[in-house]
Amino acid sequence: VTSLWCERVLVGGEVRHDVRLVADDDGRIADRRDGVRPEPGDVRLGLVLPGFADTHSHLFHRVLRGRTHGDGGDFWAWRSEMYAAARRLTPELYQRLAVAVFGELVENGWTAVGEFHYVHHRPDGTAYPDHDMELALVSAALEVGIRLTLLDTCYLAGGIGAALSADQHRFGDAGAEAWLDRWHALRSAIERATSDAPDLVTLGAAVHSVRAVPPDAISAVLAGLPGDVPLHIHLSEQPAENAAAESAYGRTPTALLRDLGALSPRLSVVHATHVTEDDIRAIAEAGATVVICPTTEADLGDGIGPALDFAAAGAPIAVGSDQNAVIDPFLELRGLEAGERLRSGRRGRFAPADLLSAGTGAGYRALGLGQSAMRVGDPLDLVELDAASSRTVGSRVEQIVLAATGSDVVSVHVGGRRVHTRGSGRAAERYATVLAEFGDDASGDRSGARPGTGNA
Ligand SMILES: [Zn+2]
């Protein structure tokens with residue numbers, strides 16, 4: 001039995017002292033006592049926060065970090081460089097890159113990740129024999145010890161009414177039914193691959209966007225997926241997606257989803273940057289989660305989404321690292337608050353406790369993982385933080401989310417198991433070898449860059 005004793009725990013906006021946590025066989029919290037002394041054999045920790053959920057990641061975009069900032073350009077120019085990186089992925093390279101990215105995630109305090117995965121097939125669109133790309137991600141998560149929700153993504157069209165481009169062939173399936181068949185077969189394959197650690201990997205689902213999946217296919221996905229499977233979708237990241245939906249369907253992407261019955265508590269809408277007041281109301285009333293990706297939205301010049309308006313309307317807010325130009329839960333949460341401050345000219349738009357719950361509990365729920373609130377039954381996923389570093393010393397613990405960075409992570413536990421200790425991370429050395437295989441021209445050929453209608 002794993003037992004942990006924490007000097008201080010910050011959860012729900014409050015600091016608790018002398019907290020003892022005991023894990024059950026599934027790595028969930030079986031018992032919690034506050035105000036108790038440690039017992040022999042307890043792992044002793046200092047300041048502890050619940051584990052952070054990176055609710056939206058495309059891990060292979062990490063290849064572009066620090067390589068695409070020199071030539072200006074826009075989202076569409078960046079996307080053509082991203083496609084060049086996607087062309088190079090093999091199952092073996094994807095697995096090694098995933099080990100490095102998942103390692104960087106854990107080193108910085110993310111304990112769970114929702115990988116929005118669409119690189120399913122070979123570059124020519126033919127299938128791998130046994131879910132090779134998906135099982136590469138599963139194997140990487142098991143190696144690193146991060147909790148993975150694999151959001152296998154339905155991606156059928158290159159735009160509304162447009163076929164997949166040559167670069168997009170490997171993302172596609174023959175149709176919604178073919179995608180559903182593959183999804184169900186994948187679920188069995190994952191069960192076989194994770195029999196030793198059944199709770200660590202969850203199969204979720206995604207619809208890429210309303211431009212990449214036609215309305216009848218979205219309906220088929222909704223009908224064919226079990227009701228408890230989390231479903232994610234890119235929504236209104238770029239104004240061009242809204243214009244295309246208005247022109248084809250006479251309504252916003254959100255209104256289209258509402259009319260298809262897609263808006264529900266199981267749905268997470270990613271970005272929701274360019275939305276109307278009606279859109280905000282419809283998403284909030286349905287109980288869908290809004291996933292904001294502050295560092296990516298800033299990096300790609302998407303704009304600042306109305307996160308506070310969503311929160312005021314009652315929608316849960318979660319955060320994601322998306323293109324992984326930054327991997328740091330504290331910087332995402334600060335970016336969420338910073339956007340609101342820059343827009344409003346006022347401070348304290350999101351309370352520190354609300355930022356923490358966006359990074360922890362809301363993200364876990366959106367990934368189908370229950371809570372991350374250190375209650376009995378929650379996954380025993382937690383992050384130990386250095387409260388005396390040059391960044392954090394002097395901070396009030398309740399506000400430490402606005403002072404710390406991933407560099408202040410001392411140790412990380414997932415399912416009660418220690419998966420990282422500061423100074424022992426291997427992400428950098430793993431990147432050094434795997435990134436070299438993408439060469440100096442990961443940027444690829446820019447001639448394909450052209451205005452499109454949304455979402456990477
Ligand atoms: Zn995305």
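Cut-off values and rules
Residues numbered from 1 in each chain as written. Predicted model: local features only at pLDDT ≥ 70, side-chain atom pairs only at ≥ 80, totals over all residues. Heavy atoms only, no water. Donors = N, O, S within 2.8 Å, 3.2 Å for Na, K, Ca; no water. Buried < 20%, exposed > 50% of the residue type's maximum accessible area, 1.4 Å probe, protein only. Helix = DSSP H or I, 4+ residues; strand = E, 2+ residues; numbered from the N terminus. Pairing = 2+ DSSP bridges. Axes fitted to C-alpha atoms, helices over the stretch in contact; angles between N-to-C directions. Contact = heavy atoms within 4.5 Å. Salt bridge = Lys/Arg side-chain N within 4 Å of Asp/Glu carboxyl O. Parallel < 35°, antiparallel > 145°, perpendicular 65-115°, else oblique. Left-handed = near helix turned anticlockwise from the far one by under 90°. Nonpolar A, V, L, I, M, F, W, Y, C, P; charged D, E, K, R; others polar. Lys, Arg positive; Asp, Glu negative; His and termini not counted.

K.L.:
Mind laying out the coordination of the zinc ion, listing which residues take part and the relevant values?
P.N.:
Six octahedral donors around a metal ideally sit at 90 or 180 degrees from one another, while four tetrahedral donors ideally sit at 109.5 degrees. For the zinc ion, the protein coordination sphere consists of His56 (NE2), His58 (NE2) and His234 (NE2), at 2.1 to 2.2 Å. Spacing between the donor residues of the zinc ion along their common chain follows H-x1-H-x175-H. Of the two residues examined, histidine 56 and histidine 58, each falls in the buried class.

K.L.:
Report on unusual backbone geometry, specifying residues and quantitative values.
P.N.:
Glycine aside, the phi torsion of most residues is negative, and most peptide linkages are trans. Of note in this structure, histidine 131 is not a glycine but carries a positive phi near 50 degrees. With respect to the helices and strands, the residue histidine 131 is situated in the loop between strand S6 (110-117) and helix H3 (132-144). Positive phi outside glycine occurs at methionine 374, with the angle close to 60 degrees. Here methionine 374 shows up in the loop between helix H13 (361-366) and strand S13 (382-385).

K.L.:
I'd like to hear about the sheet that holds strand S11 (residues 289-292), residue by residue, with values.
P.N.:
Overall, parallel pairing links the eight strands, which are arranged S5-S6-S7-S8-S9-S10-S11-S12 in an open sheet. On the outer flanks of this sheet lie strand S5 (52-57) and strand S12 (317-319), each paired with one strand and no other. Neighbour-to-neighbour, the strand axes of this sheet turn through a mean angle of 25 degrees, independent of strand direction. Note: strand S9 (residues 231-235) against strand S10 (residues 267-271), five bridges, orientation parallel. Bridging from a neighbouring strand, histidine 234 pairs with valine 270 of S10. Contacting S5 and S12, helix H12 (residues 352-359) crosses the sheet at an angle of about 65 degrees to S12.

K.L.:
Now, about the pattern of salt bridges: what can you tell me, with residues and values included?
P.N.:
Throughout the structure, instances matching the rule amount to 26 salt bridges. Ionic contacts of the salt-bridge type, sharing partners, join the residues Glu14, Arg16, Arg32 and Asp34 into one network.

K.L.:
Tell me about the sheet that holds strand S2 (residues 14-23), residues and numbers included.
P.N.:
Read from one edge to the other, the open sheet built from seven strands follows the order S3-S2-S1-S4-S13-S14-S15, with strand pairing classed as mixed. Both edges of this open sheet fall to strand S3 (29-33) and strand S15 (417-421), since each of them pairs with a single strand only. For this sheet, the mean angle separating the axes of adjacent strands, direction not counted, is 35 degrees. Looking at chain direction, strand S14 (residues 409-414) and S15 are connected through four bridges and run antiparallel. Directly across from valine 412, in S15, lies its bridge partner histidine 420.

K.L.:
An account of the environment of serine 407 is requested, with residue identities and associated values reported.
P.N.:
Relative to the helices and strands, serine 407 is located in the loop between S13 and S14. Under the relative-accessibility criterion, serine 407 is labelled partly exposed at 45%. For serine 407 and asparagine 108, which are 299 residues apart along the polypeptide, the C-alpha to C-alpha distance reads 6.5 Å. Ignoring any residue separated from it by four or fewer positions in sequence, one finds serine 407 in contact with Asn108, Arg391 and Arg422.

K.L.:
Go over the packing of helix H2 (residues 91-107) against helix H14 (residues 427-436) with me, naming the residues and quoting the values.
P.N.:
The angle between the axes and the distance between the axes are what describe a pair of packed helices. Running from N to C, H2 and H14 point in directions that differ by 155 degrees, and their axes come no closer than 9 Å. It follows that H2 is roughly antiparallel to H14 by the angle criterion. Considering how the two elements wind past one another, H2 and H14 form a crossing that is left-handed. Across the interface between the two elements, Leu93, Arg96, Leu97, Val99, Ala100, Val101, Gly103, Glu104 and Glu107 of H2 pack against Ala427, Arg430, Tyr431, Thr433, Val434 and Leu435 of H14. By residue class, the composition of the contact of H2 with H14 is nine nonpolar, two polar and four charged.

K.L.:
Explain the side chain of threonine 149 to me, and be specific about the residues and the numbers.
P.N.:
Relative to the assigned elements, threonine 149 resides in strand S7 (residues 147-154). The contacts of threonine 149, once residues within four sequence positions are left out, are Val113, Gly114, Glu115, Thr202, Gly204, Pro230, Leu367 and Leu369.

K.L.:
How would you explain the side chain of glutamate 297 if you had to name every residue and give the values?
P.N.:
Mapped onto the elements, glutamate 297 comes out in helix H9 (residues 294-299). Of the side chains bearing the opposite charge, arginine 343 lies closest to the buried glutamate 297, which forms no salt bridge; the N-O distance is 9.0 Å. The contacts of glutamate 297, once residues within four sequence positions are left out, are His271, Thr273, Ile292, Asp302 and Gly303.

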